[in-house]
Amino acid sequence: MFALVDCNNFYVSCERVFRPDLNGRPVVVLSNNDGCIIARSNEAKALGIKMGEPAFKIAAFLRRNQVAVFSSNYVLYGDLSHRVMSTLGRFTPELEVYSIDEAFLNLRGLTVDWAAYARTIRETVGRHVGIPVSIGVAPTKVLAKVANHRAKKIPEQKGVCVLEDPEEIAEALKNLDVGEVWGIGRQYAKLLNSIRVHTAWDFLQLDDDWVRKKMTVVGLRIKKELAGIACLEMELIPPAKKVICTSRSFGKDQTELEPVKEAVATYAARCAEKLRRQHSCAGMLMVFLHTNSFKEHEPQYARNLVCKLPVPTNSTIELIRYATAGVEAIYKEGYRYKKAGVIVMEIGPEHRIQGSLFDGVNREKQAAVMRVLDAVNAKYGRDTLKVATQGSGERWKLRQERLSPCYTTRWTDIIKVRV
């Protein structure tokens with residue numbers, strides 16, 4: 001049996017952990033630069049607030065309905081996610097962290113009452129971390145997704161749904177839109193609807209050969225999983241990324257090169273950190289820069305530059321050097337720039353790097369410097385040590401006017417209790 005644990009309205013729940021006064025009140029969380037709504041409490045959903053809605057368009061509505069609005073606090077969300085996953089790890093020998101707010105638990109070999117065990121997991125996470133979760137338990141991962149969907153949508157389930165009986169599984173599939181099945185995207189849903197396949201149960205009745213031909217072997221695996229045949233293994237170690245991108249919109253449009261270079265240097269440093277974390281190096285780098293296409297009355301400009309690195313690297317110093325040179329080459333005066341970013345590609349294991357006879361970089365020395373940089377930043381916080389080219393970020397940093405404190409990761413933000 002597999003269990004899928006999904007945190008309810010995760011970003012909103014994180015904000016509520018240290019603000020119990022927000023319970024029962026509509027709450028929304030905004031995207032980078034306080035742009036669009038990316039998380040809503042159930043109360044906010046009941047008001048008709050849509051996902052992706054630009055906040056400035058409904059600012060008056062939010063004030064009128066006393067909706068609590070927060071800038072996204074990814075440091076807080078990441079730390080609470082880690083705490084949730086650490087708690088879940090106590091209940092299973094195999095844990096797959098699927099996303100920041102979801103995880104699969106392999107319950108194979110456990111002789112327990114599944115519903116009671118799931119309720120214990122739910123209560124423990126709520127007590128230890130303060131995050132409400134929904135849990136679906138079933139014989140396969142796809143069916144666990146189905147069970148989790150029911151646990152969230154049907155109030156009578158009280159956050160826990162176990163699908164083990166064939167009749168209960170059949171009923172669940174007959175009441176689930178085929179587009180809601182994990183792994184069936186919008187285009188496949190359109191294809192299936194065109195042949196009168198509207199529910200997961202309808203999909204299960206299709207011929208295997210047709211599914212394999214039209215939806216590849218991936219679609220066939222989904223079908224078998226819905227039939228109770230486990231085809232998807234647990235991914236205990238996340239696969240290394242093949243492409244890494246770091247990009248952000250500026251807090252305000254930039255008209256000078258220096259703040260743009262600082263931003264690009266910081267994005268290159270983030271890419272380097274991610275490469276070292278997965279013990280990889282990149283052989284190619286791309287930097288891009290563009291104006292705000294929504295401001296049609298202003299001059300528009302968008303450009304990117306791809307650079308093949310002489311030797312694959314994960315050094316912050318090297319990636320910053322190439323990234324800043326790239327942005328200098330594509331930058332043009334007379335424009336108001338909205339966004340920049342760095343993408344590293346041709347990623348491979350750091351122990352399989354092809355060197356160069358003409359390489360003048362002391363790579364052993366750079367690797368030692370990077371180890372010290374990572375160790376200091378891990379102990380004292382990101383950017384305690386950084387390359388000077390990254391600057392302070394004051395001129396280009398994200399707009400986060402409604403940012404909550406980092407209650408669990410910053411000493412100055414720890415809640416003070418007066419007795």
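Up top you'll find the structure we're talking about.
Owing to the predicted nature of the structure, the values given are computational and were not obtained by experimental measurement. Per chain, residue numbering runs from 1 following the sequence as it is written. Under the rules for a predicted model, residues below a pLDDT of 70 receive no local features and side-chain atom pairs below 80 are neither given nor counted, while totals for whole chains, interfaces and linings still include all residues. Derived side-chain values reflect all non-hydrogen atoms in the structure, with water molecules and hydrogen atoms excluded from consideration.

Caption draft 1: Spotlight on a negative patch on the surface. The grouping of E164, D165, E167, E168 and E171 at the surface amounts to a negative patch. For the purposes of this entry, the term helix denotes a DSSP run of H or I that reaches at least four residues, the term strand denotes a run of E that reaches at least two, and both are numbered from the N terminus. Its location among the elements puts E168 in helix α7 (residues 166–174). The patches described consist of residues with a relative accessible area above 30% and no salt bridge, like charges being joined within 9 Å and nonpolar side chains (Val, Leu, Ile, Met, Phe, Trp, Tyr) within 5 Å. Here the Shrake-Rupley method, with its probe set to 1.4 Å, supplies the accessible areas, and only the displayed protein chains count as covering residues. The working definition used for a salt bridge is a side-chain nitrogen of Lys or Arg within 4 Å of a carboxyl oxygen of Asp or Glu. In summary, the charge assignment counts Lys and Arg as positive and Asp and Glu as negative, without counting His or the chain termini. Note that the charge is assigned to NZ on lysines, CZ on arginines, CG on aspartates and CD on glutamates.

Caption draft 2: View of the packing of aromatic side chains. Side-chain rings of Phe, Tyr and Trp (the six-membered ring for Trp) are treated as a pair once their centres are within 6.5 Å; stacked means planes under 30 degrees apart, edge-to-face means over 60, and tilted covers the remaining angles. All chains considered together, the criterion is met by 13 aromatic pairs. Each ring, one from Y74 and one from Y77, has its centre 6.1 Å from the other, and the planes form 90 degrees; the classification is edge-to-face. Linking Y74 with Y77, this pair stays in helix α4 (residues 74–88), spanning three residues, or about one helical turn. Accessible area is worked out with a 1.4 Å probe on protein chains only. A residue is then buried under 20% of its type maximum, exposed over 50%, and partly exposed in between. Residue classification places Y74 among the partly exposed positions, given a relative accessible area of 38%. Owing to a relative accessible area of 0%, Y77 belongs among the buried residues under this scheme. Their ring planes at 75 degrees and their centres at 6.1 Å tell us that Y301 and Y337 sit as a pair that is edge-to-face. Of this pair, Y301 sits in the loop between β10 (280–291) and β11 (302–313) while Y337 is found in strand β12 (residues 337–349), placing the two residues 36 residues apart along the sequence. Take Y337: its relative accessible area is 0%, and that puts it in the buried class.

Caption draft 3: Representation of the environment of A269. By secondary structure assignment, the location of A269 is in helix α11 (residues 257–277). In this structure the C-alpha to C-alpha distance between A269 and A323, which are 54 residues apart in sequence, comes to 9.7 Å. Contacts: residue pairs with any heavy atoms within 4.5 Å of one another. A269 has contacts with T316, I320 and Q390, leaving out every residue within four places of it along the chain.

Caption draft 4: Quick peek at the packing of helix α6 (residues 141–153) against helix α10 (residues 208–226). All axes here are fitted lines through C-alpha atoms, helices being fitted over the stretch that makes contact, and every angle between N-to-C directions spans 0 to 180 degrees. The N-to-C vectors of α6 and α10 enclose an angle of 65 degrees; their axes lie 7 Å apart at closest approach. The two elements α6 and α10 cross, and the hand of that crossing is right-handed. Of the residues in α10, those touching α6 at K141, V142, L143 and V146 are I222, E225 and L226. Think of it as three bins: nonpolar holds Ala, Val, Leu, Ile, Met, Phe, Trp, Tyr, Cys and Pro, charged holds Asp, Glu, Lys and Arg, and polar takes everything else, Gly as well. Its residues assigned to classes, the contact of α6 with α10 comprises five nonpolar, no polar and two charged. Crossing handedness follows the turn of the near helix against the far one: under a right angle anticlockwise gives a left-handed crossing, and clockwise gives a right-handed one.

Caption draft 5: Spatial organisation of the pattern of salt bridges. All chains considered together, the criterion is met by 23 salt bridges. The salt bridge partner of K145 is E102, with a shortest N-O separation of 2.7 Å. In this pair, K145 sits in helix α6 while E102 sits in strand β6 (residues 102–106), placing the two residues 43 residues apart along the sequence. By relative accessible area, K145 is classed as buried at 18%. According to the relative accessible area criterion, E102 is buried, its value standing at 12%. Salt bridges sharing common partners tie together D253, K295, E298 and R336.

Caption draft 6: Quick peek at the sheet that holds strand β1 (residues 2–7). When DSSP finds two or more bridges between two strands, those strands count as paired. Here five strands make up an open sheet; going across it, the order is β5-β6-β1-β7-β8 and the pairing mixed. Among the strands making up the open sheet, the edge pair consists of β5 (94–99) and β8 (160–162). For this sheet the average axis-to-axis angle between neighbouring strands, irrespective of direction, equals 15 degrees. Sheet strands touched by helix α5 (residues 114–128): β6, β7 (133–138) and β8. Its angle to β7, the strand with the most contacts, is close to 155 degrees.

Caption draft 7: Broad picture of the state of the cysteines. Only a pair of cysteine sulfur atoms within 2.5 Å qualifies as a disulfide here. Applying the stated rule across the entire model yields zero disulfides. Unpaired in this structure, C271 has its nearest cysteine sulfur neighbour in C245, at a distance of 6.8 Å.

Caption draft 8: Fine view of the sheet that holds strand β3 (residues 37–40). A sheet is described by the order of its strands in space; here three strands give the open sequence β3-β2-β4, paired in mixed fashion. Every other strand in the sheet has two partners, leaving β3 and β4 (68–71) as the edge strands with one partner each. The sheet shows a mean angle of 25 degrees between the axes of neighbouring strands, taken without regard to direction.

Caption draft 9: Quick peek at helix α12 (residues 316–330). For α12, built from 15 residues, the straight-helix expectation of 21 Å at 1.5 Å per residue is met to within 8% by its first-to-last C-alpha distance of 21 Å. Every buried residue belonging to α12 is among T316, E318, L319, I320, Y322, A323, T324, G326, V327 and I330, and all of these are buried. Here the buried face of α12 lies against α11, β10, β11, β12 and α13 (363–380). In protein, a polar contact requires one atom able to donate a hydrogen and another able to accept it; more generally it is a pair of N or O atoms within 3.5 Å, and residues adjacent in sequence count only if both atoms are side-chain atoms. The N-terminus of α12 is capped by S315, whose side-chain oxygen sits 3.3 Å from the backbone nitrogen of I317. Any helix carries an expected span of 1.5 Å times its number of residues minus one.

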